[in-house]
Amino acid sequence: MFTSVDDVSARLAETGYLASPAVATTVFLADRLGKPLLVEGPAGVGKTELAKAVAEIAGAELIRLQCYEGVDESRALYEWNHAKQLLRISAGRDETWDAARTDIFSEEFLLPRPLLTAIRGDGPKVLLIDETDKADVEVEGLLLEVLSDFQVTVPELGTITATRRPFVVLTSNATRELSEALRRRCLFLHIDFPDAELERRIVRLKVPELDAALAESVVRVVGALRAMDLRKVPSVAETIDWARTLLALGADTLDETVVRDSLGVLLKHQDDVLKANAKLDLDTM
Amino acid sequence: MNPPSAHAGSGADVAERLTGLVGALRSHGVRIGTGETVDAAQAVAVLGFADRESLREGLAATLLHGTGQRPVFDPVFDLYFPRGVGGPGTGPAERDELRDRLAAALAANDQALMARLAAEAVDGFGGYGSSPGSDGWSSYQTLDRIRPQTLLARVRASLREGGGEAGFADRLLDDEIRRRIEEFRRLVGAEARRRVAERRGRDEIARRAVAPTADRVDFLLAGRTQLAELRRTVQPLARRLATRLAARRRKAARGSIDLRRTVRASLSTGGVPMRPVLRKRRPARPELVLLCDVSGSVAGFSDFTMLLVQALHDQFSKVRVFAFVNRVDEVTGLLVHGAADAEGLGARIRAEATLTGWHGSSDYGMALGEFTERYADAVGPRTTVFVLGDARTNMSDPNLPAVRQLAERARRVYWLNPEGRSQWGTGDSAAPAYAELVEMRECRNARQLGALITRLLPV
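Values in this document were obtained by computation on a predicted structure and should not be read as measured data. (Residues numbered from 1 in each chain as written. Chains lettered and ligands numbered in written order. Predicted model: local features only at pLDDT ≥ 70, side-chain atom pairs only at ≥ 80, totals over all residues. Heavy atoms only, no water.)

For the rest of this paragraph, the subject is the overall build of chain B. Broken down by element type, chain B carries 18 helices and eight strands. Considering chain B as a whole, with its 459 residues, one finds that 49% of them fall into the buried category. For chain B, long-range pairs separated by at least 24 residues make up 72% of all intrachain contacts whose partners lie at least 6 apart in sequence. In the form shown here, chain B has an accessible surface area of approximately 22300 Å², with 52% of it arising from carbon and sulfur atoms. (Helix = DSSP H or I, 4+ residues; strand = E, 2+ residues; numbered from the N terminus. Buried < 20%, exposed > 50% of the residue type's maximum accessible area, 1.4 Å probe, protein only. Contact = heavy atoms within 4.5 Å. Areas by Shrake-Rupley, 256 points an atom, 1.4 Å probe, with all protein chains shown as cover.)

Structural data, given as structure tokens:
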């Protein structure tokens, strides 16, 4: 899919995703080695966006499995369309048992869920398994089979093997430790907050109307906040929100009043706001 | 899969470096299987050596499985894949001239230039000794001569001058420059380590000079910055603990099949057991009592105890927490639901609870005796008791009968000791005596703590 690491950066940038060298390298490797990519990092640094961007580059279909507590095989893999099966049975009452039985477990009554969808078919696909850490441990076992061999066994149909491997991205916020076995099957990428230079470019890209000097100040203030010991430090998504807010407020430069009034966009806890106020000397002004 | 060992002519050398790197990482507790090493070799083949940072990321992606391992990986990588052996070819630079260039690099925040200057600085000012056997490279000496921290004012001035407007963000300038200087110091450290490694053999240095990951830092030895880092490690631990306990409790809620009642219920359907009747579990209310030593000798440990206590408090409905030094006092009321501020809590406890009598050193005998007397009602047959402390009695009576009484009355008693097992019984430690009465476990770092807590906690 890609020719070099630089090619990855360039083409991700075309889709509006500015990647750090670490991200570009790992995506390149995941593509070359054909391994799933496990992406961890704080919320709002673009883990999910990365999968979307790769899908866009490859012209691939993005298949998303959103994990949550209680997601199970029938939600992740496939299930049988019971209602339709019942209809089929009652429609053919005078059939022999054999005819009816073989019929209702065919493709027609299969409801493929994300994992099966990603394996079947010949088109290019990107499989995004979002917030893997939210799913129960049993689901991880299921993922192991799918991700190592790219095959799924449906007892009534037999084993379905991928003819074309999807590009797989798993994301995790590390609320729960993923199993060692799952980690072993993946390339590991930790996306952290971008450095100032990269974040400035991201802000300029996402909010082009914002004045360049102001964008620089925005990034610097956010950087200072991240260096503080806060409960929830602002992430890139919040930086962009803040930039948009400033634009909407019509601010051309940062000053105490503007920062104090809009700090809530960046910080989500009252103690954090207080801490930031003290540190940035907002209250003494 | 065929590992591209014949890559780039010097395949054997690469393979050796790679296995050396893997070996060093393993010796630091990073678990790496052969499969990963093969992946790493493939990554090397795909990426080549042209871009060192890219190679670093590629190896990290294939070899590591978690974020916590990165601080170990980076220095080890620097040792095995050095930035151009020998450093740039310029001779030892003049001190002032180097400082000038460093100031410029700091002002421009040019990372690559800073790295080059770090190499040059170690080259020019870090060497010591003259005889071939005893010489080496010192980051301390380098930093002492270069004094990057004194460049702050200069860098600030040059940035102010060039930047023009003095806006709001300018008040952040000092902190930013300080962070850049800190980064330069780190680079100097890495460079000096690398040079020493060249002299003394990489494997040796890789094993010794790299700091352990946060979850393996000894509670009792942790320094201030390490403590902050450890706190960041323990907090997700609490979250993880919460999810795991919730899952375990959910599972426990589904009981086994009650055959008698299933058969009886099946009478209405003509003997066909349509609905299995499950034996209902009485929702056991886990009662937890924590007895924490908060004396100065275990200060590092007790901060984590506090974090843990907070996490448990959020998880369990019935937790009572008692703190002691040589007197015991209940501190449950000082815990706030949802707060996660260990330092604040520790300070609050020390300020508001009566924990010391005539002297300030811990006395387990007194404290335990007072506990069994004053708070006899806190412990019953359904209570699990955790005692957190090093069992150092300062030569006073360990009061074993009190512990025996505690063990008899409670469902289980666990003692978590932040000292290594080899230390138990040395000096004034009464650990072996206590360990005979209650189950004592070594709990020296966040990793052990996490493993223990999930195993020992009642559902």
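Turning next to a negative patch on the surface. Together, Asp72(A), Glu73(A), Glu145(A) and Asp149(A) make up a negatively charged patch on the protein surface. Note on placement: Glu145(A) falls in helix H8 (residues 137–149). (Patch = residues over 30% accessible without salt bridge, like charges linked within 9 Å, V, L, I, M, F, W, Y side chains within 5 Å. Salt bridge = Lys/Arg side-chain N within 4 Å of Asp/Glu carboxyl O. Lys, Arg positive; Asp, Glu negative; His and termini not counted. Charge placed at Lys NZ, Arg CZ, Asp CG, Glu CD.)

Before going further, it helps to examine the interface of chain A and chain B. Taken residue by residue, the interface counts 42 residues in chain A and 36 residues in chain B. For the pair chain A and chain B, the summed buried surface comes to about 3100 Å²; carbon and sulfur atoms form 55% of the total. For the pair chain A and chain B, the number of links is three salt bridges. Residue Arg220(A) is joined to Glu176(B) by a salt bridge in which the shortest nitrogen-to-oxygen separation is 3.1 Å. At the junction of chain A with chain B, the criterion picks out six residue pairs in polar contact (both at pLDDT 80 or more). Looking at the side of chain A that touches chain B, the elements with two or more residues in it are helix H2 (21–33), helix H9 (180–184), strand S9 (187–190), helix H11 (212–227) and helix H13 (256–266) of chain A. Here the residues of the side of chain A that touches chain B are counted per class, giving 17 nonpolar, seven polar and 18 charged. (Buried area = accessible area lost by both parts, 1.4 Å probe. Polar contact = N/O pair within 3.5 Å; in protein donor to acceptor, adjacent residues only side chain to side chain. Nonpolar A, V, L, I, M, F, W, Y, C, P; charged D, E, K, R; others polar.)

Here the focus is a nonpolar patch on the surface. A contiguous nonpolar surface patch, about 380 Å² in accessible area, is contributed by Ile257(B), Leu259(B), Val263(B) and Leu278(B). Secondary-structure assignment places Leu259(B) in helix H12 (residues 259–266).

So, on to the pattern of salt bridges. A side chain with one charge can pair with a side chain of the opposite charge if their charged atoms come near. Residues and elements named next belong to chain B. A full pass over the atoms with the stated rule returns 41 salt bridges over all chains. Salt-bridge contacts for aspartate 144 lead to arginine 147; the nearest nitrogen and oxygen are separated by 3.7 Å. Salt bridges sharing partners connect three or more residues here, namely Arg52, Glu53, Arg56, Glu57, Arg70, Asp74 and Asp78.

What follows covers the packing of aromatic side chains. What the rule picks out here adds up to twelve aromatic pairs over all chains. Aromatic side chains Trp80(A) and Phe105(A) sit 4.9 Å apart centroid to centroid with 85 degrees between the ring planes, which places their arrangement in the edge-to-face category. In this pair, Trp80(A) sits in strand S3 (residues 78–80) while Phe105(A) sits in the loop between helix H6 (97–104) and strand S4 (110–112), placing the two residues 25 residues apart along the sequence. Owing to a relative accessible area of 9%, Trp80(A) belongs among the buried residues under this scheme. On the accessibility criterion, Phe105(A) (29% relative accessible area) is partly exposed. With a centroid separation of 4.9 Å and 75 degrees between ring planes, the pair formed by Phe322(B) and Phe371(B) is classed as edge-to-face. (Phe/Tyr/Trp six-rings, centres within 6.5 Å; stacked < 30°, edge-to-face > 60°.)

Looking now at the sheet that holds strand S6 (residues 383–388) of chain B. Residue and element names in this part refer to chain B. Reading across the sheet, the six strands line up as S5-S4-S3-S6-S7-S8 and stay open at both edges, with mixed pairing between neighbours. What marks the edges here is a single partner per strand, and that holds for strand S5 (328–330) and strand S8 (439–442). In this sheet, adjacent strand axes meet at a mean angle of 20 degrees when their direction is disregarded. Sheet analysis places strand S3 (residues 287–293) next to S6, joined by six bridges and oriented parallel. (Pairing = 2+ DSSP bridges. Axes fitted to C-alpha atoms, helices over the stretch in contact; angles between N-to-C directions.)

Keep in mind these numbers describe shape, not what the thing actually does.
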